Amino acid sequence: MNPEDRKTKQLPKVGIYGLTSCAGDQLTIVNCEDQILDIFGSAEISSFLMAKSDNTEGEIDVAIVEGSVSSKGDLEMLEDIRKRSKVLIALGNCACNGGPQAACVAAEDHKERMKQVYGDVKWSLPDPIDAKPLSAYVKVDMQITGCPIDKWEFLRALGRLVKGDGPIPISYPVCVECKYNENECLLFKNEMCLGPITLAGCNSVCINHNIPCFGCRGAVIEANVAGEAEMLVNMKHPQFPDRKNFDYQDVKNRAMMYGGNTMAELLDKAKVKGAKK
Amino acid sequence: MIDNSCIAGDRSNPFLPEMMRIVRRFDLTSDVRFFQVRPTEASRALTLYYKPGTFMMVSNPGVGEAPLSISSTPSRPGLIEFCVRNVGHVTNSLFRMKENDEIGIRGPYGNGFPIETLKGRDLIIVMGGLGAAPLRSLLLYALDNRDDFGEIYLLHGAKNPHEMLFRKEFYDMMERDDLHCMLSVDKDDTGKWPAKVGLVTSLFKEIKHIDPKTTHAAICGPPVMYRFVLQELLKLKIPKHQILMNLERRMKCGVGKCGHCVVREVYTCLDGPVFSYWDVLNMKELIY
Amino acid sequence: MRILKLKKKDLKKFLESISSFGELWAPVKKGNRWAFQPTAPDNIDLDAGRTILPLKKFMVPQKFTMFKYNKEGYTPELSNIPSRIVFGAHPCDIAGLNILDKLFTENFPDPYYIERRKKTAIIGLSCLPDEFCFCNETGTDTVEEGFDLFLSETGTDFYLVWIGSSLGDDLMRMAENLFSEDIAFEDIQKFTNWKKERAKKFKVNIDLTGMPSIFELSLNSKIWDKIGERCLACGSCSMVCPTCNCYDVKDTVELRECKGERNRCWDSCTLHEYSLVAGGHNFRANRSDRLRLWYTHKLESFIGAYGKPSCVGCGRCLVTCPVDINAYTLAKTLREEEVFFK
C-alpha cells in the first residue's frame, strides 16, 4: 500500500488486552521485531498497554485478549471489551483453555483451595474467582492458542484478519508437525508425550528438543483422549515389549496442566482401566 | 509450445491460475451470488472450452482456492459463470469482490456430462438448492442444441420462492413449448408463487411420454434429496447407469494429486464429478 | 543394464568426486533411528536401517512454496530447487518413488515433483532386513528402475554397481577409473549367495494374497469400529509412508500488502478435516471411516488401478504407529486372526 492510500483507506481498529496471565503472548507480539512496523502499519492499534501509551478505549473491529478470567475485575474488563468489538480473539492457552491456573478447577471448592495455599489473608486483589477461559463467559470468535503463541501463526492470522478473512484454524495434532521435522517418536522412548491429542501449530518445538509434549495448545479437534490414556496406561505394544506404562494419575495430571477441566472430564469419561475412583 | 488456448491456466503447470476479471455479479438468493468472469486477455475469451458438468478451481490471492461448478454453457462462449454460496473462506472472500476485480481461475476439470451419449436421448434434469449450478450448464446446452435431444424435463425444487436459484430465468422457461419446466417450492411464503407447492418428488407424476430405455436423468442437490429422487427415477424404470449425478468433494488440486476427493480407486476430480447411480451403488461412501 | 564393480574402500573417493553435482544427503543416526541428512562421505552409516522419513521428502518436501502471488497474479516457484545426491536409498524406498512417479508424472504432470526428481540423483544401496521389514512379501526387495546408480552388497570387498540412468552413467564417468567391468564367475556366485542369505533374514510373516477381495468383503466389518476406537488419528502413518502423497494447500498473506505465498504441505486422510467440505458436511466423520480409506487405498484400491499394492513393505508403519495399527496387524486382523482384542 502506498502512503497516499493509507491516508485515505481506513485501517481496521485493533485492541490488544491482557487479563490474568504471564503476558507472554503479548510479549511474543512485541518481540516480532522485524514485523512490528508492519503490524502497526496494517491496522490501527488503538490499545496495546504493553507496547504503547496513548491508548483509546472505544469501538474496535478486532479485540485480541490474552489471559484467563481469574477475578471479577477480569470479567468486567472482558465483558466491556466484548461489547465494543466486532471480532474477539482469544490469545494464548490461558484465554483459550484457562491455562495452568485452571488446571485443578474441578478438584475442590475455590475458596478452600485459596485457603490451603494462602492461609487466612485479607485480599487486596479484586475478588478472585475460579480461573476460566474467555469462552466460559463471552462469545469467542477465534482462538490462537499456545504457551506462548507461535509468532508466525499470529502474524498469519493477523494478515488475514486485517484483510477481512478469518484465520484458517489448524485441525491436526502435533504429531504431524513432529513428523515434518523428522523427530524420533518420544512415545517409543518411554516419554509421556501428549502430541497425538494436542493441537499443532507450534512446529513441534518441544519434541524437536527432546521434550515430550505438554499439551500447551489444548486438545485437537476430535482428540482421542481415551485412546491416548489407554495407550499410556495399559497398552502393551507387541512390537516394542519394553515400552513402559504410566500411572493413570500421572497421565491425568499432565493432561490437566494445560487442558484443565475439559481434559479431566474427557479422561473420566474414558474409564481407562487402572484409573482410581 | 504447449497449447493453452482452450483451458484456463497453463498446461505446463496445472496448478497455475490464470487471472480473470469479474464482469458482473448479483445475488441469486440471500446467500448465493452469481459471478460472470472473463479472461483479462479479451482474445482468449472465445477460445475457452469446457463441458457441462465440469468445474474450475477458483483462487482469490491471499485467501485460497476452491472448486466451483461451472453454471454457464459452452454454447454461449465468452463468459464463465459461477454460483457461489457464502460458506467457506474462499467463497466468503469472493462475496467481498466487486466488478472489475480479478480472481485466479484454472480448469476445466472433471469428466462432465457425457454429451455425446446424451444426444438423441430424452433428459430428466432434477435440481435442488445449489445443485442448480452445474445442471443449468447442461440444461442451457441442451436448449441451445435443441434438435440434438428428445423430450427435456426440468424439475427444480426449493424450500421457498426466495431460495430458488435463477427463478426469473426458469419462470421464463415455463413459457417454452420445447421444455417441460416444472418448478416447486416446499412452502410459498410470498403468496405469489406461480408454480407448484410441494416436494420436488411430487413433480414426477407429470412425467409422461418417455421411454425409460432412451432416457437419461441428471440429478444434483443436497444429500437428502438423492434418496427420494432416486426412488422416483427407479419407479420410472430408468436404468441405473443412465441416472447421472454431479457430486461434491473436498479438493485441493482438481487434477488427481492431492488425494482429498478419493473414493476407493476413484478420484472425484478426474473420474467424476459426474457419476452414474450404478457407480454410486458400487462404491459405498460416494454420496453419504 | 550395465553392471560394474566398485571397491568398497573407493566408495568415499567416488562420493567425493561426484560432489560437484550437488549436496550429498545420506542416512545418519538420529537417536535410535536414522534420517537422510546433508553429510560428509565420512559420516555415512552404511548399515543404516530405515530412515524416519522416506525419500518422498526430497521430491515433495513436507512444506514448500508453489507460487508467489500479488495483485497481478501467480508466479511459480521452480527456480531455487537444489541439486542433490541422495546416497543409501534402500530398494523399498526406491520402489516407493516409482509409485509416486506414476501419480505425479502421468495425467496432469506435477512440475514441482518432476523438477525435484530431475535434480536429485538417487544412489541406492542394498540392505539387510530387520525384524519389521516385509519387502519380500510386496515384491520390492529388489528394484529394477527408479535409481541412477544402485550399489549392491556382495559379502566381499566390492559392490556391484547397477547404472540405472544416463545421469547415473554421467556420475560414474566422473570417477571412471574407480570402476571395473571385469566381473568373474566367483563374483556372481558371491553375489547370489549374499542374496540367498538375505532372503533368509525376513521375519515378518504377512500374507497379502487376495487382499482386494478380503477388503471388499470386510467393508462393513466391526473390526473397523474397533480399530477406529484405538486410532489416535495422529497422521503419523501417512507422514512416514513412502507412497502417501496427499497434500493440503494454504495461502499466506503479508500484513501490509496483497502479496504472499501459496504453500503445499503433507496431509493425511486419517485427519479430521480431510473430507470436510465447505458448509460443514464431513464425508468421513469417523476415525474408522478414515482409517478404512487409508488401508483400502494402500492394499486394495491401488491394486485395482495399478495391479499391485501401494505398500512397499518398508515397515515404517510398524515402527511408527504408537497404538500398533499397521499393514501387518491390519492384514492379520482382516484374516480373522485375533491381534488387537485378545
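K.L.:
Break down the overall build of chain C for me, with residues and values.
P.N.:
The helix and strand inventory of chain C stands at 13 helices and 12 strands. For a compact globule of 342 residues, the expected C-alpha radius of gyration is about 20 Å, and chain C comes in at 22 Å, within 12% of that figure. The principal-axis extents of the C-alpha atoms in chain C amount to approximately 65 × 60 × 40 Å. Here chain C, with 342 residues, has 61% of them falling under the buried criterion. Sequence-distant contacts, at least 24 apart, represent 73% of the contacts inside chain C between residues at least 6 apart. As presented, chain C carries roughly 13,700 Å² of accessible surface, and 49% of it is formed by carbon and sulfur atoms. When the 48 basic and 47 acidic side-chain charges of chain C are each reduced to a single mean position, those positions are 3 Å apart.

K.L.:
Which residues make up the interface of chain C and chain A, and what values do they have?
P.N.:
Taken together, the contacts link 52 residues of chain C with 43 residues of chain A. Regarding the contact of chain C and chain A, the summed buried area is about 3,700 Å², with carbon and sulfur atoms giving 57% of it. Looking only at chain C, the three residues that lose the most surface to chain A are Leu232, Leu255 and Arg256 of chain C, adding up to 23% of its buried area. Along the contact surface separating chain C from chain A lie 3 salt bridges. The closest approach of N and O atoms between Arg290 of chain C and Glu222 of chain A, which form a salt bridge, is 3.1 Å. For the pair chain C and chain A, the number of links is 18 residue pairs in polar contact (both at pLDDT 80 or more). For the side of chain C that touches chain A, the secondary structure elements donating two or more residues are strand S3 (33-38), helix H9 (223-230), helix H10 (236-240), strand S11 (247-253), strand S12 (260-266), helix H11 (287-306), helix H12 (316-320) and helix H13 (327-334) of chain C.

K.L.:
So what's going on with the interface of chain A and chain B? Residues and values would help.
P.N.:
With 8 residues of chain A in contact, the opposing surface of chain B contributes 5 residues. Three residues stand out in chain A for area buried against chain B, namely Arg160, Asp165 and Ile168 of chain A, and they jointly supply 69% of the buried area on that side. The interface formed by chain A and chain B includes 1 salt bridge. We note a salt bridge from Arg96 of chain B to Asp165 of chain A, for which the minimum N-O separation is 2.9 Å. Counting the contacts that link chain A with chain B gives 4 residue pairs in polar contact (both at pLDDT 80 or more). When the residues that make up the side of chain A that touches chain B are grouped by side-chain class, the tally is 3 nonpolar, 2 polar and 3 charged.

K.L.:
Would you mind going over the packing of helix H10 (residues 225-233) of chain A against helix H11 (residues 248-270) of chain A in detail, with residue names and values included?
P.N.:
All names here are of chain A. The interhelical angle for the contact between H10 and H11, taken along N-to-C directions, is 140°, at an axis separation of 10 Å. Viewed along their axes, H10 and H11 adopt a mutual orientation that is oblique. Like other packed secondary-structure pairs, H10 and H11 cross with a definite hand, here left-handed. Of the residues in H11, those in contact with Val225, Ala226, Ala229, Leu232 and Val233 of H10 are Tyr248, Val251, Met263, Leu266, Leu267 and Ala270. Among the residues forming the contact of H10 with H11, the class breakdown is 11 nonpolar, no polar and no charged.

K.L.:
Run through the pairing of strand S5 (residues 85-91) of chain A, naming residues and quoting values.
P.N.:
Residue and element names in this part refer to chain A. Within S5, 5 of the 7 residues are buried, which leaves it mostly tucked inside the rest of the structure. Both strand S3 (residues 60-66) and S5 contribute to a ladder of 6 bridges, which runs parallel. The residue of S5 that forms the bridge with Ala63 is Leu88. Looking at chain direction, S5 and strand S7 (residues 142-144) are connected through 3 bridges and run parallel. Counterpart to Leu91 in the pairing with S7 is Ile144.

K.L.:
Before we move on, can you summarise the domain arrangement of chain A with the specific residues and values?
P.N.:
Residues and elements named next belong to chain A. Once the domains are mapped, chain A shows domain 1 (3-161) and domain 2 (174-270). If you average the C-alpha positions of domain 1 and of domain 2, the two centres end up 27 Å apart. In this complex, domain 1 contributes 14 residues to the contact, which on the side of domain 2 involves 11 residues. Together, the buried faces of domain 1 and domain 2 total about 990 Å²; carbon and sulfur atoms form 51% of this surface.

K.L.:
An account of the domain arrangement of chain C is needed here, citing residue identities and associated values.
P.N.:
Residue and element names in this part refer to chain C. Taken domain by domain, chain C comprises domain 1 (3-200) and domain 2 (211-334). The C-alpha-based centres of domain 1 and domain 2 are spaced at 26 Å. Interface area, domain 1 with domain 2, both sides summed: about 3,300 Å², of which 62% is carbon and sulfur. Broken down residue by residue, the surface that domain 1 buries against domain 2 is led by Lys56, Tyr69 and Ile99, which jointly contribute 21%. Where domain 1 meets domain 2, there are 3 salt bridges. A salt bridge links Arg316 to Asp93; its shortest N-O distance comes to 2.9 Å. Our count for the domain 1 to domain 2 interface comes out at 23 residue pairs in polar contact (both at pLDDT 80 or more). Grouping the constituent residues of the side of domain 1 that touches domain 2 by class yields 21 nonpolar, 7 polar and 11 charged.

Cut-off values and rules
- Residues numbered from 1 in each chain as written.
- Chains lettered and ligands numbered in written order.
- Predicted model: local features only at pLDDT ≥ 70, side-chain atom pairs only at ≥ 80, totals over all residues.
- Heavy atoms only, no water.
- Helix = DSSP H or I, 4+ residues; strand = E, 2+ residues; numbered from the N terminus.
- Rg over C-alpha atoms; globule rule 2.2 N^0.38 Å.
- Buried < 20%, exposed > 50% of the residue type's maximum accessible area, 1.4 Å probe, protein only.
- Contact = heavy atoms within 4.5 Å.
- Areas by Shrake-Rupley, 256 points an atom, 1.4 Å probe, with all protein chains shown as cover.
- Lys, Arg positive; Asp, Glu negative; His and termini not counted.
- Charge placed at Lys NZ, Arg CZ, Asp CG, Glu CD.
- Buried area = accessible area lost by both parts, 1.4 Å probe.
- Salt bridge = Lys/Arg side-chain N within 4 Å of Asp/Glu carboxyl O.
- Polar contact = N/O pair within 3.5 Å; in protein donor to acceptor, adjacent residues only side chain to side chain.
- Nonpolar A, V, L, I, M, F, W, Y, C, P; charged D, E, K, R; others polar.
- Axes fitted to C-alpha atoms, helices over the stretch in contact; angles between N-to-C directions.
- Parallel < 35°, antiparallel > 145°, perpendicular 65-115°, else oblique.
- Left-handed = near helix turned anticlockwise from the far one by under 90°.
- Pairing = 2+ DSSP bridges.
- Domains from an automatic or database assignment.

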